[in-house]
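Structural overview
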Amino acid sequence: MNYIRSEMPIWIVQVPVILIVITIHEYFHAWTAWKLGDTTPVETGRLSLNPLRHLDPLGTIALLLFHVGWARPVMIDFAAFKHPRRDTVLVSLAGPASNFATAIVAYLLLLFVRSSPAIVTRLPYVYEVLEALVVVSLGLGLFNLLPIPPLDGSKAFFALFFKRPERFLYDRAVDLYGTVILLALLWFNVITVVMSKVLNFILYTLLRL
């Protein structure tokens, strides 16, 4: 497998995987909000599986180069929900949940491919893409669960533990301060170290199954 990895340009695997993972993540934010009564995702063209509808150019480049990036956030009108606090939690967690679901499906397909050495030899690209899908999907899902604005976990946190979460959900200053904190934690490798340990533990457990 080391030979396959050394012969295959990284970007050939990374680009399609990132497109798939980001698109699924944002689509399910939009789909869940729409199902719960908010038509904003439809009106803004985000209820789509077209990657171009969800990509942020700078965020995508950052993700490819530094493995930390972002997509265009799906605009949500929290006031449109019948049960604002509950529905906000559901919409916020829909993105990470879709990533974990993607990782599970990719892992099951990976087990099937890995069970046949002939498939791995003939279709090394498929194996590499599935492997990357597992890693990137898990990583993005876990990262977005952090309760730091503007990540999904923060929106779920505010909705769960504050009676008036809209004070934080609509406050750009909260997102700005949260972004500064997030960048500081990334700069000092706090998040990177913790995420790596959690992700390595999950992957190690999966590979032993």
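As a reminder, the structure under discussion sits directly above these lines.
Treat the numbers as computed from the prediction; the structure is a model and nothing was measured.

What follows concerns the pattern of salt bridges. Summed over all chains, the structure comprises three salt bridges. The partner of Arg46 in a salt bridge is Glu26, with the nearest N and O atoms 4.0 Å apart. Separated by 20 residues along the polypeptide, Arg46 in the loop between helix H3 (40-43) and helix H4 (57-66) and Glu26 in helix H2 (residues 10-35) bring together distant segments of the chain. Residue Arg46 shares its accessibility class with Glu26, and that shared class is buried.

Taken together, the side chains of Trp187, Phe188, Val190, Val194 and Val198 present a nonpolar region at the surface, about 570 Å² in accessible area. Looking at the nonpolar patch, the element that brings in the most residues is helix H11 (residues 190-208), giving three residues. Residue Trp187 is classed as exposed on the basis of its relative accessible area of 70%.

This part is about the nonpolar core. If you look at the biggest cluster of nonpolar residues, it comprises 26 residues, and the most contacted ones within it are Val17, Leu133, Val134, Leu138, Phe143, Leu182 and Ile191. Contributions of two or more residues to this core are made by H2, helix H5 (84-114), helix H7 (124-144), helix H10 (172-187) and H11. Tallying contributions element by element places H7 first for this core, with nine residues. By size, the runner-up hydrophobic cluster in this structure holds 10 residues, among which are Ala33, Phe78, Phe81 and Val91.

As for its position among the elements, His54 is in the loop between H3 and H4. Take His54: its relative accessible area is 0%, and that puts it in the buried class. Within the local environment of His54, its side chain forms a polar contact with the side chain of Arg46, the two groups lying 3.1 Å apart. In this structure, His54 is in contact with Thr23, Glu26, Tyr27, Arg46, Ser48, Ala71 and Arg72, ignoring residues within four places of it in sequence.

Now for the packing of aromatic side chains. Applying the stated criterion across every chain yields a total of 10 aromatic pairs. Here the aromatic rings of Phe158 and Phe168 are separated by 4.7 Å at their centres, their planes lie at 15°, and the arrangement is stacked. Highlighted residues: Phe158 in helix H8 (residues 152-161) and Phe168 in helix H9 (residues 166-169), separated in sequence by 10 residues. Through a chain of ring-to-ring contacts, three or more aromatic side chains come together here, namely Phe157, Phe158, Phe161, Phe162 and Phe168.

Time to look at the packing of H2 against H7. Remark: H2 packs on H7, axes separated minimally by 9 Å, with the N-to-C direction vectors making an angle of 45°. Here H2 lies oblique to H7, going by the angle between them. Read as a crossing pair, H2 and H7 show a hand that is right-handed. Together, Ile12, Val13, Pro16, Val17, Ile20, Val21 and His25 of H2 and Tyr125, Glu128, Val129, Ala132, Leu133, Val136, Ser137, Leu140 and Asn144 of H7 make up the contact between the two elements.

Turning our eyes to something else, we now look at the packing of H5 against H8. At their nearest, the axes of H5 and H8 sit 8 Å apart, and the two run at 160° to each other. Relative to H8, the element H5 is oriented roughly antiparallel. Crossing angle aside, the handedness with which H5 passes H8 is left-handed. Contacts between H5 and H8 involve Arg85, Thr88, Val89, Ser92, Leu93 and Pro96 on the former and, on the latter, Asp152, Lys155, Ala156, Ala159, Leu160 and Phe161.

What follows concerns unusual backbone geometry. Peptide bonds are mostly trans, and most non-glycine residues show a negative phi. With an omega dihedral of 5°, the bond running from Pro149 to Pro150 counts as a cis peptide bond. The residue Pro150 is located in the loop between H7 and H8 in this model. A positive phi angle, near 60°, is found at Asn189, a position not held by glycine. The residue Asn189 is located in the loop between H10 and H11 in this model. The class of Asn189 is partly exposed, set by a relative accessible area of 42%.

Criteria and thresholds
Starting from 1, residues in each chain are numbered consecutively following that chain's sequence as written. Under the rules for a predicted model, residues below a pLDDT of 70 receive no local features and side-chain atom pairs below 80 are neither given nor counted, while totals for whole chains, interfaces and linings still include all residues. The side-chain figures draw on all heavy atoms in the structure; neither hydrogens nor water molecules are used. Just to be clear on terms, a salt bridge is a Lys or Arg side-chain nitrogen sitting within 4 Å of an Asp or Glu carboxyl oxygen. Strands here mean DSSP runs of E at least two residues long; helices mean DSSP runs of H or I at least four residues long; both are numbered from the N terminus. The buried label applies to any residue whose accessible area, calculated with a 1.4 Å probe on protein chains only, is under 20% of its type's maximum; exposed applies above 50%, and partly exposed to all values in between. To count toward a patch, a residue needs a relative accessible area over 30% and no salt bridge; like charges are then connected within 9 Å, while nonpolar side chains (Val, Leu, Ile, Met, Phe, Trp, Tyr) are connected within 5 Å. In short, Shrake-Rupley with a 1.4 Å probe defines the accessible areas, and a residue's cover is counted only from the protein chains shown. To define a nonpolar core, start from buried Ala, Val, Leu, Ile, Met, Phe, Trp, Tyr and Cys residues and group those joined through side-chain atoms within 4.5 Å. Polar contacts, as counted here, are pairs of nitrogen or oxygen atoms within 3.5 Å of one another; within protein the pair requires one atom able to donate a hydrogen and one able to accept it, and residues that are adjacent in sequence qualify only if both atoms are side-chain atoms. The contact criterion used is simple: two residues touch if any of their non-hydrogen atoms lie within 4.5 Å. A pair of aromatic rings is counted whenever rings of Phe, Tyr or Trp (Trp by its six-membered ring) have centres within 6.5 Å, and the orientation is called stacked for planes under 30 degrees apart, edge-to-face for over 60 and tilted otherwise. To define axes, lines are fitted to C-alpha atoms, for helices over the stretch in contact only, and angles between the resulting N-to-C directions are given on a 0 to 180 degree scale. Roughly parallel here means an angle under 35 degrees, roughly antiparallel means over 145, roughly perpendicular means 65 to 115, and every remaining angle is called oblique. For any pair of crossing helices, the crossing counts as left-handed if the nearer helix is rotated counterclockwise from the farther one by less than a right angle, and right-handed if it is rotated clockwise.

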